[in-house]
Amino acid sequence: MLVLAIETSCDETAAAVVADGRRILSSIVSSQIAIHAEYGGVVPEIASRKHLEMISPVISQALEAVKVTLADIEGIAVTRGPGLSGALLVGFSTAKAIASARKIPFVGIHHIEGHIFACFLEKPVEFPFLALVVSGGHTHIYLVEGFGRYRTMGRTVDDAAGEAFDKSAKIMGLEYPGGVRIDAMAREGNPAAVRLPRPLMNDGTLNFSFSGLKTAMLQHLSKHPVAIPGPEANDLCASFQEAVCDVLVHKTSLALAQTGVKRLVVAGGVACNSGLRQRMASMAAKLGIELHIPKPALCGDNAAMLAVAGNFYLENDKASDSALDVTATWNMDH
Ligand code: KG4
Ligand code: ZN
């Protein structure tokens, strides 16, 4: 089945053509990051307007890249939520309009469901598996028993991991989104240089908390300002990243032990982080866990990832109703 996938939940306008929910034929991602960086974060109305401007050219590019037209597309997978309502509406309305004009089915996909299945575009994973989703808006551990069958084992009680990276970077004076900058600077620093808390590390639950880490960064910087670029800034980034990774790795290994599940997927934008990838790889090797972390281009927001679950639902007569609306918040548990 040839599926057109569309993603506009936040600050990336993306479209992809995917065959059988497995093979990416084209994947176009138009990022608005440079525009929002000026404001230090995503401005919802600007995001919607930019999606409106880019949605048609991005879809055309995705189709032209594989020399197909809308007449060749058999179904559409589109992000229904969670995200910014105005941004979601652009992709969702476009998907509905194409589906109605072409008389083909469309299906609304949970953005996080997209992230979880991105790795299937490299290699399908056997069910059940655990998924650690670390993005700008989510830090969740899910037990994934099948398509549409997710159980939250643990989640952040405040900031998401990506939010912690971005807010800490902002406190340091680094440009939005700071996750990737912290990652680069951390590579040059000493992770043991600055002592930072590991919130909820030993509370016995599978939950996370990152807002205290941000406060600790603020307190440290008020006493020890750092020059950027410089060795002390690198040390602080390395220490911060180490604290986040310690908690993520510890809680994930706890979830693996509690469930006895032997397969782990790490997904979402923060899964691009080089330190986290290394730490997860060594944890998995030590515990004999089959680990799947997609290549960085598939960890960040893209449309191709939506076509995996999308293809499954479309082939199993689970297309969405034409009256369906977007939703800014959406609990994925079933
Ligand atoms: O999944 P994603 O692209 O969008 C959301 O669904 O939120 O995740 C974006 C988040 C941002 O917070 C960004 O700073 C973070 O992923 N991120 C990183 C890295 N690359 C992206 N965080 C740490 N290290 C990275 N290399
Ligand atoms: Zn995302």
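Remember, predicted model here, so these are calculated numbers, not experimental data.

Conventions we followed
- Residues numbered from 1 in each chain as written.
- Chains lettered and ligands numbered in written order.
- Predicted model: local features only at pLDDT ≥ 70, side-chain atom pairs only at ≥ 80, totals over all residues.
- Helix = DSSP H or I, 4+ residues; strand = E, 2+ residues; numbered from the N terminus.
- Rg over C-alpha atoms; globule rule 2.2 N^0.38 Å.
- Buried ≥ 20, exposed ≤ 12 C-beta atoms within 10 Å, placed from the backbone.
- Contact = placed C-beta atoms within 7 Å.
- Pairing = 2+ DSSP bridges.
- Axes fitted to C-alpha atoms, helices over the stretch in contact; angles between N-to-C directions.
- Near = placed C-beta within 6 Å.
- Nonpolar A, V, L, I, M, F, W, Y, C, P; charged D, E, K, R; others polar.
- Domains from an automatic or database assignment.
- Expected span 1.5 Å × (residues − 1).
- Arc of directions from axis to C-beta.
- Parallel < 35°, antiparallel > 145°, perpendicular 65-115°, else oblique.
- Left-handed = near helix turned anticlockwise from the far one by under 90°.
- UniProt positions renumbered as here; feature names shortened; annotations may be inferred.

This next bit is on the overall build of the protein. In terms of regular secondary structure, the protein is built from eleven helices and ten strands. Over its C-alpha atoms the protein spans a radius of gyration of 20 Å, differing by no more than 12% from the 20 Å that the globule rule assigns to 334 residues. Considering only C-alpha atoms, the protein reaches an extent of 60 × 45 × 30 Å along its principal axes. Going through the 334 residues of the protein one by one, you find that 51% of them count as buried. Counting contacts in the protein only where the partners sit at least 6 residues apart, residues at least 24 apart contribute 74% of the total.

Moving on: the sheet that holds strand E2 (residues 12-19). Across the sheet, which stays open at both edges, the five strands sit in the order E3-E2-E1-E4-E5 with mixed pairing between neighbours. Whereas interior strands pair on both sides, the edge strands pair on one side only; in this sheet they are strand E3 (23-31) and strand E5 (106-110). Adjacent strand axes in the sheet meet at a mean angle of 20 degrees when their direction is disregarded. Bridge analysis of strand E4 (residues 75-81) against E5 gives five bridges, and the strand direction is parallel. Its bridge partner being in E5, alanine 77 is matched across the sheet by valine 107.

Once that is clear, we can look at the site of ligand 1. Taken together, 18 residues surround ligand 1, and among them Gly136, Gly162, Gly179, Gly269 and Asn273 come closest. Those elements that provide at least two residues to the shell around ligand 1 are helix H5 (161-172) and helix H6 (179-186). Taken together, the residues that form the shell around ligand 1 break down as six nonpolar, nine polar and three charged. When residues of the shell around ligand 1 are assigned to domains, at least three map to each of domain 1 (2-117 + 299-315) and domain 2 (127-293).

Time to look at helix H9 (residues 274-287). Its 14 residues place the ends of H9 20 Å apart at the C-alpha level, agreeing with the 20 Å of an ideal helix rising 1.5 Å per residue. Here H9 has its buried residues at Leu276, Met280 and Ala284. The arc that holds the buried residues of H9, viewed along the axis, is 65 degrees, so those residues lie on one side. Exposed residues lying more than 90 degrees from the buried face of H9 are Gln278, Ser282, Ala285 and Lys286. Where H9 is buried, its residues meet helix H8 (231-259), strand E9 (263-267) and strand E10 (290-292). Downstream of H9 by a residue or two, glycine 288 has a phi angle that is positive, lying close to 70 degrees.

On to the packing of H5 against H8, then. Remark: H5 packs on H8, axes separated minimally by 12 Å, with the N-to-C direction vectors making an angle of 165 degrees. With respect to their mutual orientation, H5 and H8 come out roughly antiparallel. Judged by the twist between their axes, the crossing of H5 over H8 is right-handed. Of the residues in H8, those in contact with Ala161, Ala164, Ser168 and Met172 of H5 are Ala233, Leu236, Phe240, Val244 and Leu248. Considered class by class, the residues forming the contact of H5 with H8 number eight nonpolar, one polar and no charged.

For the rest of this paragraph, the subject is the pairing of E3. Sheet topology note: the E2/E3 ladder contains eight bridges and is antiparallel. Among the inter-strand pairings, valine 17 is bridged to a residue of E3, identified as serine 26.

Here we take up the environment of valine 244. Considering the arrangement of structural elements, one finds valine 244 in helix H8. A C-alpha to C-alpha distance of 7.9 Å links valine 244 and phenylalanine 210, two positions 34 residues apart in sequence. Residues in contact with valine 244, not counting those within four places in the same chain, are Ala161 and Ala164.

The subject of this paragraph is the sheet that holds strand E8 (residues 149-155). Pairing within the open sheet is mixed, and its five strands lie in the order E8-E7-E6-E9-E10. Looking at strand neighbours, the two that pair on one side only are E8 and E10, the edges of this open sheet. Each adjacent strand pair in this sheet contributes to an overall mean axis angle of 25 degrees, direction not counted. With three bridges joining them, E9 and E10 adopt parallel strand pairing. Looking at E10, one finds that valine 265 is bridged to histidine 292.

Moving on, we come to the UniProt feature "binding site: Fe cation" (unreviewed entry) in the protein. Here, the residues flagged by UniProt with the feature "binding site: Fe cation" (unreviewed entry) are His111, His115 and Asp301. Spatial clustering of the annotated residues is evident: they stretch over 191 residues in sequence, but the largest pairwise C-alpha distance comes to 8.9 Å. With respect to the secondary-structure elements, aspartate 301 resides in the loop between helix H10 (296-299) and helix H11 (306-315). With 25 C-beta atoms counted inside 10 Å, the residue aspartate 301 sits in the buried group. Look past the residues within four positions of aspartate 301 in its chain and what remains in contact with it is Glu7, Cys10, Glu12 and Ala14.

Looking now at the pairing of strand E7 (residues 139-146). Of the pairings in the sheet, the one linking strand E6 (residues 129-134) to E7 comprises six bridges and is antiparallel in character. Considered in E7, the bridge of alanine 131 is made with tyrosine 142. Following E6, the chain reverses through four residues before pairing antiparallel with E7. With antiparallel pairing between neighbouring strands as the criterion, E7 and E8 make up a hairpin whose turn holds two residues, including glycine 148 at a positive phi of roughly 80 degrees.

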